[in-house]
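# Architecture and fold: a report
If you want the building blocks of each chain, they are given just below.
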Amino acid sequence: MKFYGAAITLTLSVATASSDAAWKHALQWKPAGESDYRGPCPMMNTLANHGFLPHDGRNITRANLVDALGQALNFNGSLASLMFDMGVVANPEPNATVFTLDDLNRHNVLEHDASLSRSDAFYGNNHVFNETIFEETKAYWTGPILNPDMLANSKVARQINSKAHNPTYTFTAKTEQFSLGEVAAPVIAFGDIQTGTVNRSLVEYFFENERLPTDLGWKRPAKVTSLQDILSVTRMIKKASRLITPSEPSPARQGSQVNLHG
């Protein structure tokens, strides 16, 4: 019995050491070079900058993405595989089994107008971080801890601004669903999934540097993240995005309720 216990302990120790070594190696962050591909998704770019994905941003396979999201963010395999299915459609080659970060720049496939940190494609560059756009977004982040209302306000404001000034503004129902997931992403990666909150400094650091905020004390989530977690936060953002508030009972109705219970 002692032998088996020792064997299990040794196996777990080796696995942990291997995981820790992979994590430390990947944290040797390096920004993109001139020949490296990057796209409109800050997280994909971040994973490439850290070496979880190929640093050149090319030939990303299902195995690459499943491993990267698992190591970096503790996403479960089925969720990471689903995200690969979403990304590979951006590759224009038929029956593609890989994609590049540059493929993700194709307008109105996955990339869309009214990004929180990128300019609309109409204005030229739709994938490089845009400080002016991000300042516009941050104006709606009014506290040190971001909540669903703040995140939703910044999303809606970006859509209004884009619709008002971009003559080719496009935002379909499918885009809305994808956008909600994007806005929820910082909470899922760096925050509290149960409350839909996240430290603002972590999110700003991530967007501005395309780097995991380990320097600010963030650590890989201990709990495995599933599709249900993402759907939960997405629902919070969707609810907070509504501009119509619940109806209040009329004074007469309120009076009758008082009488009924009086």
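Residues numbered from 1 in each chain as written. Predicted model: local features only at pLDDT ≥ 70, side-chain atom pairs only at ≥ 80, totals over all residues. Heavy atoms only, no water.

As a further point, take the overall build of the chain. Within the chain, the secondary structure is distributed over 10 helices and two strands. Counted from the first residue to the last, the chain has its helices and strands arranged as α-α-α-α-α-β-α-α-β-α-α-α. For the chain, buried positions account for 40% of its 262 residues. Long-range contacts, defined here as pairs at least 24 residues apart, represent 57% of the contacts in the chain between residues at least 6 apart. For the chain, the exposed area adds up to about 14,500 Å²; of that, 57% sits on carbon and sulfur atoms. (Helix = DSSP H or I, 4+ residues; strand = E, 2+ residues; numbered from the N terminus. Buried < 20%, exposed > 50% of the residue type's maximum accessible area, 1.4 Å probe, protein only. Contact = heavy atoms within 4.5 Å. Areas by Shrake-Rupley, 256 points an atom, 1.4 Å probe, with all protein chains shown as cover.)

A few words on the packing of aromatic side chains. Enumeration according to the criterion identifies nine aromatic pairs in this entry. In this structure an aromatic cluster arises from ring pairing among Phe129, Phe134, Trp141, Phe190, Phe206, Phe207 and Trp218. (Phe/Tyr/Trp six-rings, centres within 6.5 Å; stacked < 30°, edge-to-face > 60°.)

Further remarks concern helix α8 (residues 200-209). Every buried residue belonging to α8 is among Leu202, Val203, Glu204, Tyr205, Phe206 and Phe207, and all of these are buried. Positive backbone phi, at 50 degrees, marks Glu210, one or two positions downstream of α8.

Now for the layout of surface pockets. Approximately 1,100 Å³ is the volume found for the largest pocket. When residues of the lining of the largest pocket are traced back to their parent elements, those giving at least two are α2 (42-49), α3 (62-73), α4 (77-88), α7 (173-190), α8 and α9 (227-240). Among the elements that make up the lining of the largest pocket, the one with the highest residue count is α7 (10 residues). In terms of residue class, the lining of the largest pocket is made up of 28 nonpolar, nine polar and five charged. (1 Å grid on protein atoms, 1.4 Å probe; cavity = no way out; pocket = protein on both sides within 12 Å on 5 of 7 lines; lining within 4 Å. Points joined across faces, edges and corners; volume = space filled by probe spheres on them. Nonpolar A, V, L, I, M, F, W, Y, C, P; charged D, E, K, R; others polar.)

With the rule as written, the count across this model stands at nine salt bridges. A salt bridge links Glu136 to Arg158; the shortest N-O distance between them is 3.3 Å. Separated by 22 residues along the polypeptide, Glu136 in helix α5 (residues 131-138) and Arg158 in helix α6 (residues 148-165) bring together distant segments of the chain. Residue Glu136 is classed as partly exposed on the basis of its relative accessible area, which comes to 22%. Two residues, Lys138 and Glu208, come together in a salt bridge whose shortest N-O distance is 3.2 Å. A residue pair is termed long-range when its members are at least 10 positions apart, and Lys138 in helix α5 and Glu208 in helix α8 qualify at 70 residues. (Salt bridge = Lys/Arg side-chain N within 4 Å of Asp/Glu carboxyl O.)

Note on placement: Arg38 falls in the loop between α1 (2-26) and α2. Of the buried charged residues, Arg38 lacks a salt bridge, with Asp36 as the closest side chain of opposite charge at 4.6 Å. Within the local environment of Arg38, its side chain forms a polar contact with the backbone oxygen of His55, the two atoms lying 2.8 Å apart. Setting aside its immediate chain neighbours within four residues, Arg38 contacts Ala32, Asn45, Ala48, Asn49, His55, Asp56, Gly57, Leu101, Asp102, Asn105 and His127. (Lys, Arg positive; Asp, Glu negative; His and termini not counted. Polar contact = N/O pair within 3.5 Å; in protein donor to acceptor, adjacent residues only side chain to side chain.)

Moving on to α7. Along an α-helix, residues three or four positions apart point the same way, because every turn accommodates 3.6 residues. With 18 residues, α7 ought to run about 26 Å at 1.5 Å a step, and its terminal C-alpha atoms sit 27 Å apart, in line with that. Of all the bends in α7, the greatest, near 40 degrees, is centred on Ala184, and the proline Pro186 appears no more than four residues after it. Within α7, the full set of buried residues consists of Thr175, Ser179, Leu180, Val183, Ala184, Pro186, Val187, Ile188, Ala189 and Phe190. Where the residues of α7 are buried, they touch α2, α3, α6, β2 (198-199), α8 and α9. (Expected span 1.5 Å × (residues − 1). Bend = angle between axes of the 7 residues up to and from the residue.)

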